[in-house]
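Letter by letter, the chains look like this.
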Amino acid sequence: MAPRRASASAVAFVFDIDGVLLHSKSPLPTARAALAAATAAHAPVAFLTNGGGVTESAKARELEELLGSPVAENQVILAHTPFRSLAPSFAARPVLAVGRRETVAVASGYGFNAVSPASVAAAHPHATPLAPARSGAPPPLPPPGVGTSANPFAAIFCFADPACMSTDLQIAIDVLVGGGDLHARRSRTHPPLFFSNPDLLWANAHPTPRLGQAAFRAALEAVYERVAGRPLDADRVTTVGKPTRAPYDLARSALASHASRLGVPMPARIVAVGDNPYADVAGARAAGGGFEPVLVLTGVAERDSTVHPADRVCADVGEAVAWGLAGG
Ligand code: G3P
Ligand code: MG
């Protein structure tokens, strides 16, 4: 007689990463067992982070190595994953891709003609006098003519936290003020600007939360207004990342694909485990449609939020998964 198939899970899980599963590259104490329990229960799982600067496949491999459970590329939604669908509308026009790690490779892989601020700075030795002395091999130079009136930057995409606050701020301001032309001193308006991560604070292995992409955005907005003499044009600024809707729509699709691969029906309940009320709780609440925000106290939050209260507050992801699987 064939072994009876384990019954399908009544719940799916969406896991935030930083402050829930990992602190920098270290798994949190209950993370491995929590993911193993969800996997053993045949629960559809997706990973939804405001982190980025790497490919979804690289992040999936990292999670698999650190947490010990299988993770497929399409279970991972990064801060910039929603940018992928925008690449065709920019075609071959150059875009400034702000972000540390492998941002240019990620952006190019999406189909963008991506140029980094460091690459622009390498082509213009006096462009960033405040930047720290560069170490290591210089970045590749942009193609000739990029960022001129003949071939202006069509947009700025912030894929991840800046590689260098000073260089990235200076070059992004040059692109915005010059309307995409690095040598223009003013323009009628600025190119479209895309942010991928509204987090002001996030949790890594440091004892207290660290500044996130929203800190870069606040600096960019304030400096642009002072230099250009007017605020950024709100109609030309787009924000994705938690708590906006786009990543939750992608997470719902990722869960449905995982349920299909598991051969189980898609559960009605989606337990969304996060550590930042302003991103993870607010986002799950706004997404509705079965998302249930559960806050864990291993990251940004030290207690439930009065502004964005969770459905449940747990000490850690292990408790959150046990609560979800027990029909909490
Ligand atoms: O840069 C990453 C940080 O903003 C938060 O990441 O995984 O907690 O959404 P995460
Ligand atoms: Mg987090």
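Before reading further, recall that the structure is shown in the block above.
This write-up is about the structure you can find in this document. (Residues numbered from 1 in each chain as written. Chains lettered and ligands numbered in written order. Predicted model: local features only at pLDDT ≥ 70, side-chain atom pairs only at ≥ 80, totals over all residues. Heavy atoms only, no water.)

1. Focus: the side chain of Ser 9
Phase 1: Structurally, Ser 9 is set in the segment before strand 1 (11-15).
Phase 2: A relative accessible area of 10% places Ser 9 in the buried class.
Phase 3: A polar side-chain atom of Ser 9 sits 2.6 Å from the main-chain carbonyl oxygen of Val 11.
Phase 4: The residues touching Ser 9, leaving out its near neighbours within four places in the chain, are Ala 41, His 42, Ala 43, Pro 267 and Leu 325. (Helix = DSSP H or I, 4+ residues; strand = E, 2+ residues; numbered from the N terminus. Buried < 20%, exposed > 50% of the residue type's maximum accessible area, 1.4 Å probe, protein only. Polar contact = N/O pair within 3.5 Å; in protein donor to acceptor, adjacent residues only side chain to side chain. Contact = heavy atoms within 4.5 Å.)

2. Observations regarding the pairing of strand 1
Phase 1: With five of five residues buried, strand 1 is to be regarded as a mostly interior element.
Phase 2: With burial as the criterion, each face of strand 1 is covered, one bearing Val 11, Phe 13 and Phe 15 and the other bearing Ala 12 and Val 14.
Phase 3: Relative to strand 13 (residues 269-274), strand 1 is paired through five bridges, and the arrangement is parallel. The residue bridging Val 14 from the neighbouring strand is Ala 272, located in strand 13.
Phase 4: Sheet analysis places strand 1 next to strand 4 (residues 45-48), joined by three bridges and oriented parallel. Its bridge partner being in strand 4, Phe 13 is matched across the sheet by Val 45. (Pairing = 2+ DSSP bridges.)

3. What to know about helix 4 (residues 103-110)
Phase 1: Taken together, the buried positions of helix 4 are Thr 103, Val 106, Ala 107 and Tyr 110. In an axial view of helix 4, the angular spread of the buried residues amounts to 95 degrees, which keeps them on one side of the axis.
Phase 2: Where helix 4 is buried, its residues meet helix 2 (56-67), helix 3 (87-90), strand 6 (94-98) and strand 7 (113-115).
Phase 3: After helix 4 finishes, the residue Gly 111 shows a positive phi value of roughly 115 degrees. (Arc of directions from axis to C-beta.)

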